[in-house]
Amino acid sequence: MNAPDIKTARAAAVAATVDRIRAIEQAQGVTRPALDAIKAELLALAAQQHLFPSTTFPPPEGGRKGANRYLLQEDADNRFALYMNALNPGNETKPHDHTTWAVVVAVDGQELNKVYRRTDDHSRPDRAEIVVDHEIMVEPGRGIALMPDDIHSIHTTGQVPTRHLHMYGLALEVLDNRRGFDNGEIKLYNRNFMAPAVAPRD
Ligand SMILES: [Fe+2]
């Protein structure tokens, strides 16, 4: 398949997947079982690796830190936003929440997800104590689903760059109360830690 055909096929597959995901949320709401069903849809999309070539979704050049985050599709009201994130090995994020549901699956590469729980009494808006509750390796065939309050961090521990589909109930760009957890301090995540999206290279 040549590049324009891949682009067309990808757009159709993404649109059909998101249609089904919209229907799941509408029928079930935002629950862990609903997010598991959404994850299954995204795993099936990610398994079509030929739709997401590394030439179209390269990581930052020269092994640089940070993510290239490509927007694949979002609704006109910023709901159901699907991105492709490409990172080099050796990257990590601060622990953070999303304030909307999130599902991550892998086309290629490994990303260790640490999921945290708070151990403090939530009495201070600017401080939090967190510990790792469990870890999930997101890699081809295995994803993670997060409720709006769940806290995670990602660590690209593998040998090859990641190409991972990240889907959010609401686009990251319009979320302004996401929290980052930085050595006991709570900081606004988008303002302090999030890079803007870039365009796919096709
Ligand atoms: Fe995240």
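In this report, the structure presented in the accompanying data block is examined.

So, on to the overall build of the protein chain. Helix and strand content of the protein chain: three helices and 10 strands. For the protein chain, the succession of helices and strands along the chain, N to C, is α-α-β-β-β-β-β-β-β-β-β-β-α. Computed over the C-alpha atoms, the radius of gyration of the protein chain is 16 Å, within 12% of the 17 Å expected from 2.2 N^0.38 for a compact globule of 202 residues. Looking at the protein chain as a whole, 47% of its 202 residues qualify as buried. Taking all contacts inside the protein chain whose residues are at least 6 apart in sequence as the whole, residues at least 24 apart take part in 75%. Carbon and sulfur atoms make up 50% of the accessible area of the protein chain, which totals about 9600 Å². With 23 positive and 27 negative side-chain charges, the protein chain shows a spacing of 3 Å between the two charge centroids.

What follows concerns the environment of Arg20. For Arg20, the location among the structural elements is in helix α1 (residues 3–28). By relative accessible area, which is 41% here, Arg20 ends up partly exposed. Measuring from C-alpha to C-alpha, the distance between Arg20 and Ala37 comes to 9.8 Å, with 17 residues separating the pair along the chain. A polar side-chain atom of Arg20 sits 2.8 Å from a polar atom in the side chain of Glu41.

Further remarks concern the layout of surface pockets. There is about 630 Å³ of room inside the largest pocket. As for the largest pocket, its lining consists of 32 residues, and the residues nearest its centre are Glu92, Thr93, Lys94, Tyr189 and Phe193. Counting only elements with at least two residues in the lining of the largest pocket, the list comes to β1 (67–73), β2 (79–87), β7 (151–155), β8 (162–170), β9 (179–182) and α3 (189–193). Broken down by element, the lining of the largest pocket gets its largest block of residues, four residues, from β7. Class assignment of the residues belonging to the lining of the largest pocket gives a composition of 15 nonpolar, 12 polar and five charged.

The N-to-C vectors of α1 and helix α2 (residues 32–46) enclose an angle of 170°; their axes lie 9 Å apart at closest approach. Taken together, the axes of α1 and α2 lie roughly antiparallel to each other. Contacts from Ala13, Val14, Thr17, Arg20, Ile21, Ile24 and Gln28 in α1 reach Pro33, Ala34, Ala37, Ile38, Glu41, Leu42 and Leu45 in α2. Split by residue class, the contact of α1 with α2 holds 10 nonpolar, two polar and two charged.

Attention now moves to the sheet that holds β1. Reading across from one edge, β1-β2-β8-β3-β6 is the order of the five strands in this open sheet, with antiparallel pairing throughout. The sheet terminates laterally at β1 and β6 (144–146), the two strands that pair on one side only. With direction set aside, neighbouring strand axes in the sheet form an average angle of 25°. In terms of strand pairing, β1 meets β2 through six bridges, oriented antiparallel. Looking at β2, one finds that Asn68 is bridged to Ala86. Where α2 meets the sheet, its contacts fall on β2, β3 (102–108), β6 and β8, and the angle it forms with β3 comes to roughly 20°.

Moving on, we come to the coordination of the iron ion. Looking at the metal site, the iron ion is ligated by His96 (NE2), His98 (NE2) and His152 (NE2), spaced 2.1 Å from it. Positions of the donor residues of the iron ion, expressed as sequence spacing, correspond to H-x1-H-x53-H. The exposure class assigned to His96 is buried, which follows from its relative accessible area of 4%.

Criteria and cut-off values
- Residues numbered from 1 in each chain as written.
- Predicted model: local features only at pLDDT ≥ 70, side-chain atom pairs only at ≥ 80, totals over all residues.
- Heavy atoms only, no water.
- Helix = DSSP H or I, 4+ residues; strand = E, 2+ residues; numbered from the N terminus.
- Rg over C-alpha atoms; globule rule 2.2 N^0.38 Å.
- Buried < 20%, exposed > 50% of the residue type's maximum accessible area, 1.4 Å probe, protein only.
- Contact = heavy atoms within 4.5 Å.
- Areas by Shrake-Rupley, 256 points an atom, 1.4 Å probe, with all protein chains shown as cover.
- Lys, Arg positive; Asp, Glu negative; His and termini not counted.
- Charge placed at Lys NZ, Arg CZ, Asp CG, Glu CD.
- Polar contact = N/O pair within 3.5 Å; in protein donor to acceptor, adjacent residues only side chain to side chain.
- 1 Å grid on protein atoms, 1.4 Å probe; cavity = no way out; pocket = protein on both sides within 12 Å on 5 of 7 lines; lining within 4 Å.
- Points joined across faces, edges and corners; volume = space filled by probe spheres on them.
- Nonpolar A, V, L, I, M, F, W, Y, C, P; charged D, E, K, R; others polar.
- Axes fitted to C-alpha atoms, helices over the stretch in contact; angles between N-to-C directions.
- Parallel < 35°, antiparallel > 145°, perpendicular 65-115°, else oblique.
- Pairing = 2+ DSSP bridges.
- Donors = N, O, S within 2.8 Å, 3.2 Å for Na, K, Ca; no water.

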